[in-house]
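Observations on the three-dimensional arrangement
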Amino acid sequence: AAAVVAISDISAGDAGSAEGAAAFLRDGGGPLDLGLELRSAYEDIESCHSGDSSRDCVTNSKIGFHGLIDYLWLSPSLHDGLVARLQVPTVAELRCEAAEPGNGDTPLPSLVGPRWPSDHWPVAADLEF
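Rules used throughout
- Residues numbered from 1 in each chain as written.
- Predicted model: local features only at pLDDT ≥ 70, side-chain atom pairs only at ≥ 80, totals over all residues.
- Heavy atoms only, no water.
- Helix = DSSP H or I, 4+ residues; strand = E, 2+ residues; numbered from the N terminus.
- Contact = heavy atoms within 4.5 Å.
- Buried < 20%, exposed > 50% of the residue type's maximum accessible area, 1.4 Å probe, protein only.
- 1 Å grid on protein atoms, 1.4 Å probe; cavity = no way out; pocket = protein on both sides within 12 Å on 5 of 7 lines; lining within 4 Å.
- Points joined across faces, edges and corners; volume = space filled by probe spheres on them.
- Salt bridge = Lys/Arg side-chain N within 4 Å of Asp/Glu carboxyl O.
- Phe/Tyr/Trp six-rings, centres within 6.5 Å; stacked < 30°, edge-to-face > 60°.

Some thoughts on the environment of Ala125
If you trace the backbone, Ala125 turns up in strand S8 (residues 125-127). Sequence spacing of Ala125 and Gly81 is 44 residues, and the spatial spacing of their C-alpha atoms is 10.0 Å. If we ignore the near neighbours within four places in the chain, the residues touching Ala125 are Ala41, Leu72, Leu82, Ala84 and Arg85.

Topic: the side chain of Ser61
Within the secondary structure, Ser61 is located in strand S4 (residues 60-62). Overall, Ser61 belongs to the buried group, its relative accessible area being 0%. With residues near it in sequence (within four places) discarded, Ser61 still touches His66, Leu108, Pro109, Ser110, Leu111 and Asp119.

Remarks on the layout of surface pockets
In this structure, the second largest pocket spans a volume of roughly 410 Å³. As for the second largest pocket, its lining consists of 16 residues, of which Leu94, Glu97, Leu111, Arg115 and Trp116 are closest to the centre. Among the elements that make up the lining of the second largest pocket, the one with the highest residue count is helix H4 (residues 91-97) (three residues).

A short note on the environment of Leu72
You can see Leu72 is positioned in the loop between strand S5 (65-67) and strand S6 (73-74). Since its relative accessible area comes to 23%, Leu72 is described here as partly exposed. Dropping the residues within four chain positions of it, Leu72 is found in contact with Arg39, Ser40, Ala41, Val123, Ala124 and Ala125.

Remarks on the environment of Ile45
Checked against the element boundaries, Ile45 lands in helix H2 (residues 43-46). Judged by its relative accessible area of 22%, Ile45 falls in the partly exposed class. Sequence separation between Ile45 and Val88 is 43 residues, and the spatial gap between their C-alpha atoms is 9.3 Å. When near neighbours in sequence (up to four residues on either side) are disregarded, Ile45 contacts Cys57, Arg85 and Val88.

Digging into the pattern of salt bridges
Following the criterion strictly, the structure yields three salt bridges and no others. We note a salt bridge from Asp44 to Arg85, for which the minimum N-O separation is 2.8 Å. Taken as a pair, Asp44 in helix H2 and Arg85 in strand S7 (residues 82-85) lie far apart in primary sequence, 41 residues in all. A residue is classified by how much of its surface remains accessible, and Asp44, at 54% relative accessible area, is exposed.

Considerations on the packing of aromatic side chains
Following the criterion strictly, the structure yields one aromatic pair and no others. With 5.4 Å between their ring centres and 20° between their planes, Tyr71 and Trp73 make a pair best called stacked. Taking the relative accessible area as the measure of exposure, Trp73 reaches 47% and is therefore partly exposed.

In structure tokens:
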């Protein structure tokens, strides 16, 4: 079976703009249909939008953008064997680490710096077979 991958057009806003970033996060970059029943290893915290944006989980942060955009997809049988995973930070934790209390409208600082060479937080899981 051939995999069908379609990337949506995010030209409604520059991908680096708040509008473009919101469209990308809302649309997930477009539909992705591989005909597989995959589950995220982090599915229980991906929707941690409780109305309090400081509790939102973050896997990417650079100047002008932050969000949960990295995933670890597992088949249902592998997901059943999930025993542990790396913790991903929340907006509040990153603000505390950066000593920038701010509010939900203040952009988070970039993760990239002398202590962390990437704008992505790692995702990983331990599985039991």
